[in-house]
Each structure stands twice: as C-alpha cells, then as structure tokens.
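Results of the structural survey
Here is what each chain is made of, one letter per residue.
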Amino acid sequence: MRTLVYLAHPRPDRSEINAPMFEAARGIEGITCVDLYGEYPSFEMNVDREQQRITEHDAIVFLHPLYWYSVPALLREWQDLVLEHGFAYGHSGHALDGKVTFNAVTCGAAAEAYTPEGANGAHLRTLLMPFEKTADLCRMRYLAPFALFGAGRAVEEGRDKSHLAEWRSLLKALRDDTLDITAARAALSLNGFTAAGAAKLEAV
Amino acid sequence: MDLLAAGFVYLVAAVIAVPLAKRLGLGSVLGYLIAGLVIGPVLGVVGGETVDIQHFAEFGVVMMLFLVGLELQPAMLWRMRAQLLGLGGMQVLGTAVLIAAAALVFGVAWQASLALGMILALSSTAIVLQTLGEKGLMPTAGGKGSFSVLLTQDIAVIPMLALMPLLAVNAVAGGHDGHGDSGHGAPAADAHGHGHGAPTLFDTLPDWAQAVAVLLIIGGIIVAGRTVIRPVFRFIAEARLREIFTAAALMLVIGIALLMNYVGLSPALGTFLAGVVLSDSEYRHELESDIEPFKGLLLGLFFITVGAGIDFQLLLSNPVGLVGLALGLMALKAGVLYVLGTGFGLRGADRWLFSLGLAQAGEFAFVLFGFAAGAGILGAEVIKPMTLVVALTMLLTPLLFILYEKVLAPRAVRTEDRAADEIDEAGSIVVAGIGRVGQIITRMLVTNGHKVTVLDHDPETIENLSRIGFRAYYGDATRPDLLHSAGLEDAKLFVAALDDREKQTELVHHVAKTYPEVTIHARAHDRHHVYELERAGAHLAQRETFEGALAMGRDAMTAIGYHPFRAEAASRTFRSHDREALDGLRESWNESGVSKSYIDAMRAHSQTLFELMKADRHDTHDRSERGWTPPPKGDASL
C-alpha cells in the first residue's frame, strides 16, 4: 500500500518519541512523510495539495501526541478543511473509499489508565471514537490505534527503542500489504500485531 | 467706476449677502441675487458696467457645464436611462409645452413662447440639490426622483442652446452668443449682435462644409479627449506644479470655448462634451477641484449682475401681477411633477417633496434669457419681468420646503424604499497614496468586491491602475477640496498611506477634524510616528515595515534550522510583546516625547523580551512558555 504519515506535533524540536518516530518513517523507502506544523506554521492549509496527497496514497497514518483525548489543533484544522463534502464524503465524495487509516498516538498516562476500570474510564480506541466515525463517514477502513503509553518517561525507562522498532515493522507491513487488515480493524490496539516480525528484524 | 473698484463692490456685497442668505436657508443663488439687488437698484452703487461684467461672468456657465459633464460618467447615465428619459424627459417636455401654451394665450409670439417654455421648465439644481443634501432627503424616493429630473435638465440645456438660434426671428445660420467671450469686457453690441462679429474663415465655407466641419470638430474633441488630453495632463502632472495644472485646466476649457465660438457652436456644448469625455479619466477630481472655484466665483458674479439688473420699479409698479405670475408658474410646474410622480410610483410625502421641491425656475433661466436676447428671440419687455418672476419663484422655494417639512411630510406616509439603489453613491473606502503600501491595501479590498477610490499624485501609477479597472484619481491627497470631491464625507473608511511622514500626519489631522464620522487607518513610519498619527486622530496606525520585517525574522530562523512552527511562534511572541511595548510606552511619549523615562521604559521592555525568549530556550516548564510543552516529568497525576 502507498503509505502516507502525517506528523502533527507543534514542538518537534523537544519531542522525545514523535520526532524519532517521524525520522524512522522517513528512513523507510516508499513511505511519504509530511510534517504538518512544518508545512503550515501559520495554519494556512493548502487544501488542494492535501487532497492530492491523500488521493495518491492507500494508507493514511496520523502520528501525534494525544492532546485532551484528541489531536493537536493543526490536525483538526486539516480534518475540517481537507475532508470536504463532495471529496471525502457525501453523495459524490468517494475519493477516500476503502483507504486504510489509523492514529499512531503517544499518551502521557500509563496503559492502565486507558481501560474501563482505569482513570480515563475507557480504552484508547473508544476515546478516539471521533476519528473512527470520521473514517467511517469517509468510507475508509479504520484500524485500531498504535500507542505508546507513559510516553513522558519512555526514554528514561528505555521503552523507546522497542516502540520505534515495532513502528518500523508496522509501516513496512502496511507498505508490503502483509498486515492483516481485518484483524487490525477488529482489535483494541495495533501494538503487538507485528511484534514477532519486529523481533526478527531486530535480530537480523 | 473702474473695473477694480466695481469688482471690490461686488465682492463686498457677495461676502455679506451670501453667508446671510445661507444662514436664513435661502441658498447661495438667492444670496447673490439679493447682493446684486442691493448694490444695483437699491443703492445704485453700480450701474452701466454690469452688462460688461455680465458677459465676462457668463463664462462661469461654460465652466459649470464642463463640470456638469465631468460628473456625468457615461456608465452612470446608461444605468439611469429609464429615469432620465422617462421621468426627466417627460418633465422637461411636458412643462415646456404647457408653459409655451400659456405664453401663447398671453399673446406672446410662438418662437418666444417656445423659448420661454424651455427656459422655465428648468428647475434650480443649485438650490434643490443643496437643500436635499442639507435636510438628508437625497436617499428618499422623492430625493432620487428629483435628482434624476435635475440631471436630465442639466443635459437638456445642451439641446436648448442648440435650438435657440433656430427660433431666432431673423434667423442667421450659425447664430452664436457671447459666452465664449474671453473677457476683454467687449461691448454688448459686439458680443450679442448677430452677424456683426468679424467673419471667420469658417463663415466663408458653404453650408454643407460647415456642417461637416462641425461634426469633425465634435468628433475631434471626443477623440482628443481619449487620446491626446490624458498624456498631456500626465506630462503636466509630472511637473508637480499645482498652478500649472490649474493653468492647463483653464487653458483646456477656454481653448474649447474659443474653438466652438469660431465654428459658431455653443462653447457650453463644447466644454460639456469635453467634460463627459474626461469624466472617466483619472484626472477628473483634480480638474473638478481646479475649475470649481473659478466657476463658483464667475457664476456668483453672474448672479449678482442679474440681481443688479433687476428692474425694481417694475416690481413696485405691478407687485400683484408679478407675484401672481410666479405663483402660477410654480403651480403649473408642481402640477406636471405631481402627475409624473404619480405615474412613476411616488406616493405620499415623496410625491410632495418631488412636486414642490422642483417647482421653481432655475439659475439657468438667467443664462438662457441672456442667450435668447442675444439671438433676438426675447425682447427686454419679456425678459425684465420674467427675470423677476424667476427670482420670486426661487425666493419662494425655501418656504415650500418648510411647508413640506412641517405640514405635508408628517401627515403623509412615505413611499417604501425600493431595494435597488440606482444612484451611484460615492465610494465607501478612500485610499490616499497608492505606493508600495496603498497598492496592497487597495488590491485586497478591491478583490474582495469593495468600491475603493484611490488618490495619488503620481500620474503614471494612476494611469496604470485605471487601465486595470481601478477607480484611481490624480491629485494631491492633502488638498481638502480633492478629498471632498473624492466623496470622503460619505466614506466608511479612510486609509492614509502617504510616503511622506509629515504630509501623512497633516492629512490624518485634517481628515479627523473635517470628517469626524470617518474611520481613519494610517500607515506609520515607525513607532513614534504611530503615536503622532494617533494624536492626529487616526483610529489605527500600523508601522509599514513591522509585519514584513517580522516575517523575514521568522524566515531567517527557519533558514538556520528552527522548525517552521517554532519560528512562527517566536514571531508571534515578538509581535505581541512589541505591541505591549508600544502600548506601554505611549503615555510616556505623549507626556514628554523621547525623554529619559521613555528610554528607561524602552530598555525595561527589551530586557523582558530577551528573558522571555531565553526562557523558551531552556528545557524547563515555566510560566513564560505557555505553548505545546508536555507536563513536567514525573507528575504523579498522569
């Protein structure tokens, strides 16, 4: 699948996880990478260019920190402007039919917080429902989120390397059409989907 | 009495009578007439020379028609064609026919009757427009109807001037008048006597050749107006000498008048045509401003001479008859207007305003009387009493307006305002100065569909802008009269974008004082200029270099490796802090200018900014950096 990664991070210069993940994605052949805040620092979105971009790809990945159970402001702006009626949805809006999409998220709180019993009272996938519904409306295939919990302490705790490795193998699987899309749509999380493959790759 | 002394007497009379008349709500035309009446028949200070002065002053009429032409953009006329031809045309024709019929009944010869009908069908543009404007009645349906009729009448003067010679009893081909007399104070016999003028080369041509020549000359004026006059004015404008531009404007008007005289056509017709041709040129407002004072003075002088020529004995000998004639004339005119108003959908108060407001005879009557006398159509026995009657109708007009306001309007229902606004209102935004700054502002407003009137003193820029469809006018924007003719009193917004710092402040000061209703935005050179402009009355002053420099600072940061959004954020922080500094230092500057306390305050502000930016570079989470930072590491609540 032609894969497009959108990074939405207002301060990549001080990012510990998202920026390395973006760099990692850039290092993989056949993945298109766009730094949204880098391209539109004053929020003047080039709608035509963005529509062209998503039209030319089969998988659209949103890489971002979780801000107030949602995305940073510019990505919301991107949704509002780019997913136009007649393009992305509506009677004549079929540009995105069947495309694959998911959120690659970094979360401040630990994984336990994102459970029905935890502090946030719901799984991350449930909290990201607006994005899933958006994808549904655009007739896209929404996959479970790929997440790193407790992201603020990941570097100190040495969890960043394995996450990056898994991220790389996820993108490659997507690119090479080896990801089980049906299972990925049904799951709660994409984490662990390619863990085996990642371990193999690391060994090589 | 020599000419200088006579001129002094005239001026004294005008200076006293005109402001008084205006104060009393009688309008300036009546003021001039009364001034003439006082120095002539009443005091007898002036006498014989009035006729000479009148011929000289008649040139004011030529100028007036040039200005009328300048006001008449072909596009506007075309848009108003239904109103002009229908309402206006029928008013002129209907009234003229009825008055002519009445004159026939009184035993006047048919040619004279027809001339009287045409002359008296006209109303007083000067009095009516001024009164409607003063009372704020222009936007009402009645006011708009009146405007259309007055405009038609102004245009109708041209065919009337052309028709008059044909009515002459002793018709002479190519009859002409003394309007174009360039002011040597030529004796009346020479100026008005038919066929006594020196025969010109033109007169020796056969009739058909004369007709061809006339057509060629009219065509020549139109073609020259489009092709030659503009480059010439541009050449003159580039010299940046105001008096030379004024001289050129006068030269144009006088030249055309002379040419028309030479071929035996009305000079008024020629200058009117030239005015129409130049009405959509970028020099329109400047020409208007330059000619206007001459026209005003000459016309004023003309009205004084009319007043001085009034036969007071005549009025005293038959007051009832003359007042009765004046009332009858007004009743007839009002009746025609009432019927037409009804036919064109005016009701209630609007119909009354329309019928009563235009019931008087106009100042053009005095001009046309002189013209008709010259052509031998009307004799003194008709003109003398009729001049009185016209003056009386004008004198009664303010009373009719009072009748309308106090009695008729409160009782009547107003016609509902039509949705479509047919009259071309003045531009709602005026931009002064169309250099590097003004151009961007104007383009932005124009592309968003707003009407912008642009003033600048660079002829080349102005011509280029007109070529791409801008309403751009040549002229020095600091001139009060130019601002006025650009329609500043109706403007919503005035943008002062002059390059010259001192002129800019002066301009803002003048506009703020003269047009307190208008919002003023001003381009400033630096922060001190911002304070100066604010003090002069600007509602908003922007440093012209600030936003551009800020963008360059941001781009510089991006170029040396900052993330674009980081650079954008830095420029935003810088901007808001700089604005704060601007606000914080205002008081200090206003009190003492660039004093020690001002400099101290400025230093303090730069220090805060430096610390603000420095804090952002540290990897800490402190209050000075509010944007997009993760919560502090190890916050247990997460």
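Here the structure is shown first, and the text comes after it.
About the criteria used
Residues numbered from 1 in each chain as written. Chains lettered and ligands numbered in written order. Predicted model: local features only at pLDDT ≥ 70, side-chain atom pairs only at ≥ 80, totals over all residues. Heavy atoms only, no water. Helix = DSSP H or I, 4+ residues; strand = E, 2+ residues; numbered from the N terminus. Buried < 20%, exposed > 50% of the residue type's maximum accessible area, 1.4 Å probe, protein only. Contact = heavy atoms within 4.5 Å. Areas by Shrake-Rupley, 256 points an atom, 1.4 Å probe, with all protein chains shown as cover. Phe/Tyr/Trp six-rings, centres within 6.5 Å; stacked < 30°, edge-to-face > 60°. Lys NZ or Arg CZ within 6 Å of the ring centre and 35° of its normal. Pairing = 2+ DSSP bridges. Axes fitted to C-alpha atoms, helices over the stretch in contact; angles between N-to-C directions. Core = buried A, V, L, I, M, F, W, Y, C linked by side-chain atoms within 4.5 Å. Salt bridge = Lys/Arg side-chain N within 4 Å of Asp/Glu carboxyl O. Right-handed = clockwise from strand over helix to strand, strands pointing away. Parallel < 35°, antiparallel > 145°, perpendicular 65-115°, else oblique. Nonpolar A, V, L, I, M, F, W, Y, C, P; charged D, E, K, R; others polar. Arc of directions from axis to C-beta.

1. A few points about the overall build of chain A
Across its full length, chain A holds nine helices and six strands. The buried share of chain A, reckoned over its 204 residues, is 53%. A fraction of 75% describes how many contacts in chain A between residues 6 or more apart in sequence connect residues 24 or more apart. Surface exposure of chain A reaches about 8900 Å², of which carbon and sulfur atoms provide 54%.

2. What to know about the packing of aromatic side chains
On inspection of all chains with the given rule, the structure shows 14 aromatic pairs over all chains. Pairing Y114(A) with F149(A) gives two aromatic rings, centres 5.1 Å apart and planes at 40 degrees, and the pair type is tilted. Here the residue Y114(A) occupies a position in the loop between strand 4 (100-106) and helix 5 (124-127), and F149(A) occupies one in the loop between strand 6 (146-148) and helix 7 (160-175), the gap between them amounting to 35 residues. The two residues Y114(A) and F149(A) agree in class, both being buried. Every member of this aromatic cluster is reached through a ring pair, and the members are Y6(A), F62(A) and W78(A). The aromatic ring of F546(B) is capped on one face by R543(B), whose charged end is 4.2 Å from the ring centroid.

3. Some details on unusual backbone geometry
Residues and elements named next belong to chain A. A positive phi angle, near 70 degrees, is found at F43, a position not held by glycine. For F43, the position within the fold is in the loop between helix 2 (36-39) and helix 3 (47-55). A positive phi is found at D177, a non-glycine position, where the angle reads about 60 degrees. Here D177 lies in the loop between helix 7 and helix 8 (181-186). The exposure class assigned to D177 is exposed, which follows from its relative accessible area of 52%.

4. A few points about the sheet that holds strand 3 (residues 471-474) of chain B
Residue and element names in this part refer to chain B. The six strands lie next to each other as 3-2-1-4-5-6, forming an open sheet whose pairing is parallel. Two strands bound the open sheet, and with one partner strand each, they are strand 3 and strand 6 (540-543). Across this sheet, the average inter-strand angle for adjacent strands is 15 degrees, counted without regard to direction. Here helix 21 (residues 436-447) sits on the sheet and contacts strand 1 (429-432), strand 2 (452-456), strand 4 (493-496) and strand 5 (519-524); the angle it forms with strand 2, its principal contact strand, is near 165 degrees. Across the face of the sheet, helix 24 (residues 501-514) comes into contact with strand 1, strand 4 and strand 5 while running at roughly 175 degrees to strand 5.

5. Some words on the nonpolar core
Taken as a class, soluble globular proteins show a tendency for nonpolar side chains to be buried jointly. Residue and element names in this part refer to chain B. Of all hydrophobic cores here, the largest spans 84 residues; its most connected members are L65, L120, M164, F369 and L378. Beyond its immediate stretch of four places on either side in the chain, L65 contacts D154, V157, I158, L161, A268, T271, F272 and F364. With 43 residues, the next largest nonpolar core counts I217, F233, L287 and L445 among its residues.

6. Examining the pattern of salt bridges
All names here are of chain B. The full count for this structure, using the stated rule, is 32 salt bridges over all chains. Between E238 and R234 there is a salt bridge; the shortest N-O distance is 3.6 Å. Of this pair, E238 and R234 both sit in helix 12 (residues 229-238), four residues apart, roughly one helical turn. Given the relative accessible area of 41%, E238 is considered partly exposed. The class of R234 is partly exposed, set by a relative accessible area of 24%. Two residues, E534 and R586, come together in a salt bridge whose shortest N-O distance is 2.7 Å.

7. Structural notes on the pairing of strand 1 of chain B
Residues and elements named next belong to chain B. Side-chain alternation along strand 1 places I429 and V431 on one buried face and V430 and A432 on a second face that is also buried. Where strand 1 meets strand 2, four bridges bridge the pair, whose relative direction is parallel. Bridging across to strand 2, V431 finds its partner in V454. Once you follow strand 1 into helix 21 and on to strand 2, the crossover reads as right-handed. With four bridges connecting them, strand 1 and strand 4 associate as parallel partners. Bridging across to strand 4, V430 finds its partner in F494.

8. Some thoughts on the packing of helix 18 (residues 348-357) of chain B against helix 20 (residues 380-411) of chain B
Residues and elements named next belong to chain B. Relative orientation of the contacting elements helix 18 and helix 20 amounts to 170 degrees, with a least axis distance of 10 Å. Taken together, the axes of helix 18 and helix 20 lie roughly antiparallel to each other. Contacts from A349, W352, L353, L356 and G357 of helix 18 reach helix 20 at T397, L400, F401, L403, Y404, L408 and A409. Split by residue class, the contact of helix 18 with helix 20 holds ten nonpolar, two polar and no charged.

9. Here we look at the environment of A101(B)
Residue and element names in this part refer to chain B. Inspection of the secondary structure puts A101 in helix 6 (residues 81-105). Residue classification places A101 among the partly exposed residues on the basis of a relative accessible area of 37%. Considered as a pair, A101 and G117 are 16 residues apart in the sequence and their alpha carbons are 8.1 Å apart.

10. Concerning helix 4 (residues 73-82) of chain A
Residues and elements named next belong to chain A. Listed as buried for helix 4 are L74, L75, W78, Q79 and V82. In an axial view of helix 4, the angular spread of the buried residues amounts to 150 degrees, which keeps them on one side of the axis. The inward-facing, buried residues of helix 4 abut strand 1 (3-7), helix 2, helix 3, strand 3 (59-65) and helix 6 (129-137).

Such coordinate-based values are descriptive only and should not be taken to indicate function.
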